[in-house]
Amino acid sequence: MAEAEANVNAAKAKEPKAPKTAKKSWFKGLKAEFAKIIWPDKETLFKESAVVVIVSVVLGVLIALADMVIRAGIGVII
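Residues numbered from 1 in each chain as written. Predicted model: local features only at pLDDT ≥ 70, side-chain atom pairs only at ≥ 80, totals over all residues. Heavy atoms only, no water.

### Let's talk about the overall build of the protein chain
Formally: The helix and strand labels rest on DSSP assignments: H or I over at least four residues marks a helix, E over at least two residues marks a strand, and numbering proceeds from the N terminus. Burial classes follow relative accessibility: with a 1.4 Å probe on protein chains only, a residue under 20% of its type's maximum area counts as buried, one over 50% as exposed, and anything between as partly exposed. Calculation of accessible area relied on Shrake-Rupley with a 1.4 Å probe; when residues are assessed, cover is drawn exclusively from the protein chains displayed.
Tallying secondary structure elements over the protein chain gives three helices and zero strands in all. Listed N to C, the secondary structure of the protein chain is α-α-α in terms of helices and strands. In the protein chain, which comprises 78 residues, the share counted as buried stands at 0%. When the accessible surface of the protein chain is split by element, carbon and sulfur atoms take 71% of a total near 7,700 Å².

### Some words on the pattern of salt bridges
Worth spelling out the cut-off: Only one rule defines a salt bridge in this text: a Lys or Arg side-chain nitrogen within 4 Å of an Asp or Glu carboxyl oxygen.
Within the structure shown, the criterion is met by three salt bridges. Across the pair E33 and K36 runs a salt bridge whose closest N-O atoms are separated by 3.2 Å. With a gap of three residues between them, E33 and K36 both fall in helix α2 (residues 19–36), about one helical turn apart. The salt bridge partner of R71 is D67, with a shortest N-O separation of 3.0 Å. Residue R71 and its partner D67 are both found in helix α3 (residues 42–77); the two are separated by four residues, about one turn of the helix.

### Observations concerning the packing of aromatic side chains
The geometry of an aromatic ring pair is captured by the separation of the ring centres together with the interplanar angle, meaning the angle of the planes. Inclusion rule: By convention, a stacked pair of Phe, Tyr or Trp rings (six-membered ring in the case of Trp) has centres within 6.5 Å and planes under 30 degrees apart, an edge-to-face pair has planes over 60 apart, and any other such pair is tilted.
Across all of its chains, the model carries one aromatic pair by this definition. Seen from their ring centres, W26 and F27 are 5.0 Å apart, and the 80° between their planes marks the pair as edge-to-face. The class of W26 is exposed, set by a relative accessible area of 54%.

### Considerations on a nonpolar patch on the surface
Going by this rule: Without a salt bridge and with relative accessible area above 30%, a residue can belong to a patch; like charges are then joined within 9 Å and nonpolar side chains (Val, Leu, Ile, Met, Phe, Trp, Tyr) within 5 Å.
Judged by side-chain polarity, V51, V53, I54, V55, V57, V58, L59, V61, L62, I63, L65 and M68 come together as a nonpolar surface patch covering roughly 1,100 Å² of accessible area. Structurally, V57 is set in helix α3.

### Brief notes about the confidence of the model for the protein chain
Keep this limit in mind: pLDDT is a per-residue confidence score from the predictor, ranging from 0 to 100.
Averaged over every residue, the pLDDT of the protein chain is 84; the share at 70 or more is 76%. Across the protein chain, element-level confidence peaks in α3 with a mean pLDDT of 96 and bottoms out in helix α1 (residues 2–13) with 56.

The following block contains the structure:
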């Protein structure tokens, strides 16, 4: 009987930490990860943003052209 009680007590000791402590450690980890981030400088951010905008416009134009060609092709068929 004493062994069973000891096993139960040992199992309780291995239970996860209280939610409050778990939240604290999660926020600690989050803060540590944010400290590892290397933020780009203004010039790099501007250049990369410009590239994204230009590529988006070019792809939009290409898709519009493909759409017009497909519509014209379907119009000829029908």
